[in-house]
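Structural features, examined
Chain by chain, the residues:
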Number of protein chains: 4
Amino acid sequence: MTISIPKLQHTDSGNFFLMAGPCAIEGEEMALQIAEELVRITNRLRIPLIFKGSYRKANRSRLDSFTGIGDEKALKILAKVSETFGVPTVTDIHESHEAAMAAAYVDVLQIPAFLCRQTDLLVAAAQTGKVVNIKKGQFLSGESMRFAVDKVKESGNANVILTDRGNTFGYSDMVVDFRNIPAMQENQVPVVMDVTHSLQQPNQASGVTGGKPALIETIAKAAIAVGADGLFIETHPTPATAKSDGANMLQLSNLEGLLEKLVRIREAVK
Amino acid sequence: MTISIPKLQHTDSGNFFLMAGPCAIEGEEMALQIAEELVRITNRLRIPLIFKGSYRKANRSRLDSFTGIGDEKALKILAKVSETFGVPTVTDIHESHEAAMAAAYVDVLQIPAFLCRQTDLLVAAAQTGKVVNIKKGQFLSGESMRFAVDKVKESGNANVILTDRGNTFGYSDMVVDFRNIPAMQENQVPVVMDVTHSLQQPNQASGVTGGKPALIETIAKAAIAVGADGLFIETHPTPATAKSDGANMLQLSNLEGLLEKLVRIREAVK
Amino acid sequence: MTISIPKLQHTDSGNFFLMAGPCAIEGEEMALQIAEELVRITNRLRIPLIFKGSYRKANRSRLDSFTGIGDEKALKILAKVSETFGVPTVTDIHESHEAAMAAAYVDVLQIPAFLCRQTDLLVAAAQTGKVVNIKKGQFLSGESMRFAVDKVKESGNANVILTDRGNTFGYSDMVVDFRNIPAMQENQVPVVMDVTHSLQQPNQASGVTGGKPALIETIAKAAIAVGADGLFIETHPTPATAKSDGANMLQLSNLEGLLEKLVRIREAVK
Amino acid sequence: MTISIPKLQHTDSGNFFLMAGPCAIEGEEMALQIAEELVRITNRLRIPLIFKGSYRKANRSRLDSFTGIGDEKALKILAKVSETFGVPTVTDIHESHEAAMAAAYVDVLQIPAFLCRQTDLLVAAAQTGKVVNIKKGQFLSGESMRFAVDKVKESGNANVILTDRGNTFGYSDMVVDFRNIPAMQENQVPVVMDVTHSLQQPNQASGVTGGKPALIETIAKAAIAVGADGLFIETHPTPATAKSDGANMLQLSNLEGLLEKLVRIREAVK
């Protein structure tokens, strides 16, 4: 279960790692501000950090939703975060032609859950040589993700991460099935729990996805207790003003207290 | 609910329309043979026919699954079917750059269910001016498909079809929710039931999707009874030897008898 | 698939049969009034009728919900309906000691969906010699109902009906899986679709179950098209004033038009 | 969240409590042997113990399944366990007339999940004055269990426990939704995770429910991490030879090691 992520710090701490950042890159100042706080917290708690930000939102419900500030502009901000703080970064790609472009700026390419069966996209991501983080489709079991892992590995890239973001549960709810963490770990890859998207309330009549951020702690504690290797948390200083996913991001000022609790659980299950 | 599909015949019959053909284009001879039989049957029963074939399978579970005979080769076969029999054709696209390429050969561009939230793909399909058939995501309600319809219409293309192919029901089963047919018809677009994919048994441990073809008649009868505007049926002379989706295609020799029953139900609900 | 129900009329019409009536017996006048109208309609359309009414509601969400007017009083009203109009009646029982009591007044004993696994209840119902209508649990497949059928048959009673009332679909919705109709017919017993309870929206925060009565026609048409032997419809002259299940009953004045459409579909699929 | 359970020990330890024992009481010797081992382990780890055993299995899939050794015989064995080891006991009841009978022998009456909406049963259990443990229906949200709690409290009994045993997830699987633990704790009652039934694989074609006992540790760790007040674990020296639920009980020899891990997590989240 050892993969190599450039610049990743605190890898000897025995702690879970953290993929965190805003949903979308909304601007340089905001990204640097969030990154600075994430770096401060994770340095103190000795948690390996990968900074997360989407350079484009390609599957919003509505055409009039915010989709980004421009691909290259956003990717350059991710690169600046990486240089400024010496941390690796992750962003998601949606079509195969984006893989090489994004790979020029970030360390981990993320495959969105809806797209985890798209062979061309997985192969293109694999061929960049970057770490590939595949989100489990909301409609797939943990067991079935081995075929996605195989598509990347058979393309010559063994640096794969799998991330669970919950399962479809009726039309307007999601449920996290914690059996999927050990099931996905069978692939000998790190397994991450995406605690913020798991709490989405999709398919709202308004076309604006809802969420249950009060339950972030519940999902995160359970994930660490069952042995998740990492956590994925979207966070923002003021979620209510964020341009996407405001309904389910964690308020940045609540992150440190949450991580302290999780580090204690990690200690207890080591 | 009137959209314009070039070459579509029997549009004055009051009948449902049929999108049918093999899952993937495996070769010219096979395609022409299936099309000939479909044309004979639908001419006799006065059913408008759109010939269906995938030029590439982009989301197979496994990397070693059959993905096609070559994009352009397969698209040319679809064009030949259209010329030979004077029927419109439909094929599915997976990334936005494929839209223009496929539009040069077919009349209807189909958006796969997993991809129905991908804005770039919907917009690219819309911009070709071709009819766009959007499959409802297995994880979405019929109501929520209005946002996908809007993405196409707001891109200047009002020729939209919506197709239901069932909902995720646990990890290894699908269920068709017939409430989605009237719900999707609220968008004033034709609504199709995909009776063969609805019966898939996904997520098999083997990576080979199973199916329940014995229940095709059940799903098709219910769809026509509740007022579906069209049916989508993958069919093959010998499903067991097909290179994809063999587990849930309808044997071609069973199609005529099935359609006769469905035409009678259509008459009863007119 | 022939079972013997006393007093059942129009059995030679080739039509589906109808179990219909109010959710709960609220009083004699109301029951006779509904019965009279049901008898008039079903005589005209030659539909075999079983009059339905609950003498007690035993599983309401809240303790302060209406539960009945008194067991014996309600049962006597059912008997009076039967005598007055010469039709069989059905009521539901909840604990085994109720079987003999209810059997003294009605022709069909119904096992509620939540209770379809309770062996004592099934055996007690079977031992009365009355027809036993078992509702499929919202959590069970059609296939698994064969064990419930066996419990009744092995208790010496072959007169079994199975009724589908939908499946749990997330916490606040239900979905009807029409594959269950042929699956349950494998038991060589009549299979009924309960079109009103199938449309419930359970688990509302208020403890008052909601519904989608506008979709009754959709579910009923699909059921008849796929070959259901009977329909179960709760109906009331003014659902909004009913003491239970008002949210999903069919307004009585809409029944005749609905049944006319269904009779035509039945003709088409015979 | 304080309720009073007679004889419960180690209540000052700050630990979660444990409801454990065999699925069904198969005989006195077996019951005493299991109880002795449970008492030894829980005394060492300072875990409050409630001994669990069913005196009758009333909802087996098949009529030929084992249902018990006789009600009174089994209840007397539960009483003997209680006297011998000075621990409280729990058993499940299925119809209201069983409440008083069982209450003469045990300290906690358990309402099975399928029956959690049956008002008569809840009221009868409440009226015995015993603690009432209500299992959450597989088809209900945690939020909706407040109506079941109210039925008991409004019958004059405030000693209620709520237990989660997972949710229906398709026809042949269950999923545990850990959001239900805080949701049920809103009722100010202790909330228990039933880790063995949560892993059932229901609806098997054979009528014999399967299970995934290898995942017991996963479910139990997550439950304690999110703050469950208690755990429910069915255990047997040799599950393969047990007369019911053999597929998902925990082997008794594995219990002590599991509890040691869980006590550490409990410490970390206190």
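Residues numbered from 1 in each chain as written. Chains lettered and ligands numbered in written order. Predicted model: local features only at pLDDT ≥ 70, side-chain atom pairs only at ≥ 80, totals over all residues. Heavy atoms only, no water.

Cut-off, in case you're wondering: UniProt positions are given in the numbering used here, feature names are shortened, and annotations may be inferred rather than shown by experiment.
An unreviewed UniProt entry lists chain A under the name 3-deoxy-8-phosphooctulonate synthase, with Nibribacter koreensis given as the organism. Check the Catalytic activity (unreviewed entry) section of the UniProt entry for chain A; it says "D-arabinose 5-phosphate + phosphoenolpyruvate + H2O = 3-deoxy-alpha-D-manno-2-octulosonate-8-phosphate + phosphate". Note on chain A: under the UniProt heading Sequence similarities (unreviewed entry), the record states "Belongs to the KdsA family."

1. Digging into the overall build of chain A
Inclusion rule: For the purposes of this entry, the term helix denotes a DSSP run of H or I that reaches at least four residues, the term strand denotes a run of E that reaches at least two, and both are numbered from the N terminus. Atoms considered for the radius of gyration are the C-alpha atoms alone. The globule rule reads 2.2 Å times the number of residues to the power 0.38. When a residue's accessible area, from a 1.4 Å probe over protein chains only, is under 20% of the maximum for its type it is buried; when over 50% it is exposed; and in between it is partly exposed. The contact criterion used throughout is that any non-hydrogen atoms of two residues lie within 4.5 Å. To measure how exposed things are, a 1.4 Å probe is used in the Shrake-Rupley method; for residues, cover is taken only from the protein chains shown. For this count, His and the chain ends are skipped, Lys and Arg are scored as positive, and Asp and Glu as negative. Lysine's charge is taken at NZ, arginine's at CZ, aspartate's at CG and glutamate's at CD.
Looking only at helices and strands, one finds eight helices and 13 strands in chain A. A globule of 270 residues ought to have a C-alpha radius of gyration of about 18 Å, and chain A, at 17 Å, matches this closely. When burial is assessed residue by residue, chain A has 68% of its 270 residues classed as buried. Long-range contacts, defined as pairs at least 24 residues apart, comprise 71% of the intrachain contacts of chain A with a sequence gap of at least 6. Surface accessibility of chain A: about 8500 Å² in total, with carbon and sulfur atoms responsible for 47%. Distance between charge centroids for chain A: 2 Å, based on 28 positive and 30 negative side chains.

2. Section: the interface of chain C and chain A
The condition is simple: Buried area, as used here, totals the accessible surface that two parts lose on assembly, with accessibility defined by a 1.4 Å probe and the loss added over both. Within this document, salt bridges are pairs made up of a side-chain nitrogen of Lys or Arg and a carboxyl oxygen of Asp or Glu, the two lying within 4 Å of each other. In protein, a polar contact requires one atom able to donate a hydrogen and another able to accept it; more generally it is a pair of N or O atoms within 3.5 Å, and residues adjacent in sequence count only if both atoms are side-chain atoms. Amino acids outside the nonpolar list (Ala, Val, Leu, Ile, Met, Phe, Trp, Tyr, Cys, Pro) and the charged list (Asp, Glu, Lys, Arg) are all regarded as polar, and Gly is one of them.
Counting residues at the interface gives four residues for chain C, matched by four residues for chain A. Contact with chain A buries area across many residues of chain C, yet Phe 169, Gly 170 and Tyr 171 of chain C alone supply 81% of it, more than any other trio. The interface formed by chain C and chain A holds zero salt bridges in total. In this assembly, chain C and chain A are joined by zero residue pairs in polar contact (both at pLDDT 80 or more). Residues of the side of chain C that touches chain A, tallied by class, amount to two nonpolar, one polar and one charged.

3. So, the state of the cysteines
For the record, the criterion: What counts as a disulfide here is a pair of cysteine sulfur atoms lying within 2.5 Å.
All chains considered together, the criterion is met by zero disulfides over all chains. The thiol of Cys 116 of chain A is unpaired, and the distance to the nearest cysteine sulfur, on Cys 116 of chain B, comes to 14 Å.

4. Remarks on the environment of Ile 5 of chain A
Residue and element names in this part refer to chain A. Looking at the secondary structure, you find Ile 5 in the segment before β1 (17–21). Residues Ile 5 and Gln 33 lie 28 residues apart in sequence; the distance between their C-alpha atoms is 23 Å. When neighbours within four sequence positions are excluded, Ile 5 is seen to be in contact with Ile 50, Pro 88, Val 108, Val 131 and Ile 161.

5. Regarding the relation of the copies chain C and chain D
Our working definition: To line up the copies, we fit them by least squares on C-alpha atoms, keeping just the residues with pLDDT of at least 70 in both.
Of the transformation superimposing chain C on chain D, the axial component is 0.0 Å and the angular component is 180 degrees, with the fit at an RMSD of 0.0 Å. Expressed as a symmetry operation, the mapping of one chain copy onto the other fits a two-fold axis. Residue by residue, 100% of the interface of chain C is reproduced at the interface of chain D, so both copies engage with the same surface.

6. Here's the deal with the interface of chain C and chain D
Each partner contributes to the interface: chain C provides 40 residues, whereas chain D provides 40 residues. Carbon and sulfur atoms make up 50% of the area that chain C and chain D hide from each other, which totals about 3500 Å². Our count for the contact surface shared by chain C and chain D stands at two salt bridges. Residues Arg 56 of chain D and Asp 120 of chain C are paired through a salt bridge, measuring 2.4 Å at the closest nitrogen-oxygen approach. Here chain C is connected to chain D by ten residue pairs in polar contact (both at pLDDT 80 or more). Looking at the side of chain C that touches chain D, the elements that each hand over two or more residues are α4 (119–127), α5 (146–153) and β7 (167–168) of chain C.

7. Brief notes about the relation of the copies chain C and chain A
Under the fitted operation, chain C is carried onto chain A by 0.0 Å of movement along the axis and a turn of 180 degrees, and the coordinates agree to an RMSD of 0.0 Å. By residue overlap, the copies meet face to face through one surface: 100% of the interface positions of chain C are interface positions in chain A.

8. Considering the packing of aromatic side chains
In plain terms, the rule: Each aromatic pair joins two rings of Phe, Tyr and Trp (for Trp, the six-membered one) with centres within 6.5 Å, and gets the label stacked for planes under 30 degrees apart, edge-to-face for over 60, and tilted for any other angle.
Here the structure, examined in full by the defined rule, presents twelve aromatic pairs over all chains. Geometrically, the ring pair formed by Phe 139 of chain A and Phe 114 of chain B is stacked, given 4.5 Å between the ring centres and 15 degrees between the ring planes. Taken together, the residues span two chains, with Phe 139 of chain A in the loop between β5 (131–135) and α5 (146–153) and Phe 114 of chain B in the loop between β4 (108–111) and α4 (119–127). For the pair shown, Phe 139 of chain A and Phe 114 of chain B are each scored as buried.

9. Focus: α5 of chain C
Of all the positions in α5 of chain C, only Phe 147, Ala 148, Val 149, Lys 151 and Val 152 of chain C are classed as buried. Here the buried face of α5 of chain C lies against α4, β5 (131–135) and β6 (160–164) of chain C.

10. Comments concerning the pairing of strand β5 (residues 131–135) of chain B
Residues and elements named next belong to chain B. Note the cut-off: In this scheme, strands are said to pair when DSSP sees at least two bridges between them. For crossovers, right-handed means that the path from the first strand over the helix to the second runs clockwise, given strands pointing away from the viewer.
With respect to burial, β5 is a largely interior element, five of its five residues being buried. Alternating positions in β5 separate into two faces, Val 131, Asn 133 and Lys 135 on one and Val 132 and Ile 134 on the other, with burial throughout. Sheet topology places β4 next to β5; four bridges connect them, and they run parallel. Counterpart to Gln 110 in the pairing with β5 is Asn 133. Once the chain exits β4 it traverses α4 before rejoining the sheet at β5, and the crossover so formed is right-handed. Pairing of β5 with strand β6 (residues 160–164), which is carried by four bridges, proceeds in the parallel orientation. Within the sheet, the bridge partner assigned to Asn 133 lies in β6 and is Ile 161.

11. Side note on the pattern of salt bridges
Applying the stated criterion to the full structure yields 66 salt bridges over all chains. The partner of Glu 260 of chain A in a salt bridge is Arg 44 of chain A, and the shortest N-O contact between them spans 2.2 Å. In this pair, Glu 260 of chain A is assigned in helix α8 (residues 255–269) and Arg 44 of chain A in helix α1 (residues 28–45), connecting sequence segments 216 residues apart. One salt bridge in this structure joins Arg 40 of chain D and Glu 256 of chain D, with 2.7 Å as the shortest N-O distance. With Arg 40 of chain D in helix α1 (residues 28–45) and Glu 256 of chain D in helix α8 (residues 255–269), the pair connects residues that are 216 residues apart, well separated along the chain. The exposure class of Arg 40 of chain D is partly exposed, given its relative accessible area of 39%. Owing to a relative accessible area of 17%, Glu 256 of chain D belongs among the buried residues under this scheme. Here the residues in one salt-bridge network are Glu 37, Arg 40, Arg 44, Glu 256 and Glu 260 of chain A, joined through shared partners.

12. Considering the pairing of strand β3 (residues 89–92) of chain D
Residue and element names in this part refer to chain D. Judged by which residues are buried, β3 turns out to be covered on both faces: Thr 89 and Thr 91 on one side and Val 90 and Asp 92 on the other are all buried. In this sheet, β3 lies alongside strand β2 (residues 49–52) in parallel orientation, the contact comprising two bridges. Residue Lys 52 lies in a different strand from β3, and its bridge partner there is Val 90. Since β2 and β3 lie parallel, the crossover through helix α2 (residues 71–85) that links them has a hand, and here it is right-handed. As defined by bridge partners, β3 adjoins strand β4 (residues 108–111) across three bridges and the pair is classed as parallel. Note that in β4 the partner of Thr 91 across the bridge is Leu 109.

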